[in-house]
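# Observations on the model geometry
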Amino acid sequence: MIPAPRMRGYNQAMHSDTSPEFDRLQIERLRQATPAQRLATALSMSDTVMWLSRQAIARLHPQWNDRQIRREFARIHYGQAVSKLLAVEEDTPA
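Conventions used here
Residues numbered from 1 in each chain as written. Predicted model: local features only at pLDDT ≥ 70, side-chain atom pairs only at ≥ 80, totals over all residues. Heavy atoms only, no water. Helix = DSSP H or I, 4+ residues; strand = E, 2+ residues; numbered from the N terminus. Buried < 20%, exposed > 50% of the residue type's maximum accessible area, 1.4 Å probe, protein only. Contact = heavy atoms within 4.5 Å. Areas by Shrake-Rupley, 256 points an atom, 1.4 Å probe, with all protein chains shown as cover. pLDDT = per-residue confidence, 0-100. Salt bridge = Lys/Arg side-chain N within 4 Å of Asp/Glu carboxyl O. Phe/Tyr/Trp six-rings, centres within 6.5 Å; stacked < 30°, edge-to-face > 60°. Lys NZ or Arg CZ within 6 Å of the ring centre and 35° of its normal. Axes fitted to C-alpha atoms, helices over the stretch in contact; angles between N-to-C directions. Parallel < 35°, antiparallel > 145°, perpendicular 65-115°, else oblique. Left-handed = near helix turned anticlockwise from the far one by under 90°. Nonpolar A, V, L, I, M, F, W, Y, C, P; charged D, E, K, R; others polar.

What follows concerns the overall build of the chain. Across its full length, the chain holds four helices and zero strands. Along the chain, from the amino end to the carboxyl end, the secondary structure elements read α-α-α-α. In the chain, which comprises 94 residues, the share counted as buried stands at 13%. Summarising the internal contacts of the chain: among those between residues at least 6 apart in sequence, 14% fall at separations of at least 24. Carbon and sulfur atoms make up 60% of the accessible area of the chain, which amounts to about 8,100 Å² in all.

We now examine the confidence of the model for the chain. Of all residues in the chain, 82% have pLDDT values of 70 or greater, and the mean over the chain is 84. Taken element by element, the chain is modelled with least confidence in helix α4 (residues 80-91), mean pLDDT 86, and with most confidence in helix α2 (residues 35-60), mean pLDDT 95.

Turning next to the pattern of salt bridges. Pairing is possible between side chains that carry opposite charge, provided their charged atoms lie close to one another. Evaluated as defined, the whole model comprises two salt bridges. In this structure, Arg-24 engages Glu-21 in a salt bridge whose closest nitrogen and oxygen atoms are separated by 2.8 Å. In this pair, Arg-24 and Glu-21 both sit in helix α1 (residues 20-32), three residues apart, roughly one turn of the helix. Among the ionic pairs, Glu-72 bridges to Arg-75, the shortest N-O distance being 2.7 Å. One end of the pair is Glu-72 and the other is Arg-75, both in helix α3 (residues 66-78) and three residues apart, which spans about a single turn.

Per the counting criterion, the structure on display carries one aromatic pair. Measuring from centroid to centroid gives 6.2 Å for Phe-73 and Tyr-78, while their planes differ by 65°, and the two rings are edge-to-face. The ring of Phe-73 carries Arg-54 above its face, with NZ or CZ at 5.4 Å from the centroid.

Bringing the packing of α3 against α4 into the picture now. Relative orientation of the contacting elements α3 and α4 amounts to 155°, with a least axis distance of 7 Å. Overall, the two elements α3 and α4 adopt an arrangement that is roughly antiparallel. Where α3 crosses over α4, the two elements pack in a sense that is right-handed. Listed contacts from α4 to Arg-67, Arg-70, Arg-71, Ala-74, Arg-75 and Tyr-78 of α3 are Gln-80, Val-82, Ser-83, Leu-86, Ala-87, Glu-90 and Asp-91. Per-class residue counts for the contact of α3 with α4 are five nonpolar, two polar and six charged.

So, in structure tokens, the structure goes:
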């Protein structure tokens, strides 16, 4: 079995709210997961982080509608050019 790569700069203090035993169990479970299970976990975490980011934008700008929140999300994460393309696409009649 190929050992899981170590995260550069990994430090137990990063997980101060997680017990060492649970941390070991999580790592062991990840090592035993199939590639498909690891991918599903990564995609789920990515979806969660994107949702949290959009929620943060909405909290900062409660007056904004969904379209404005999507554009700001795109600007922050993908840059002004992508945000402008999204605006053009959303504003173009179907």
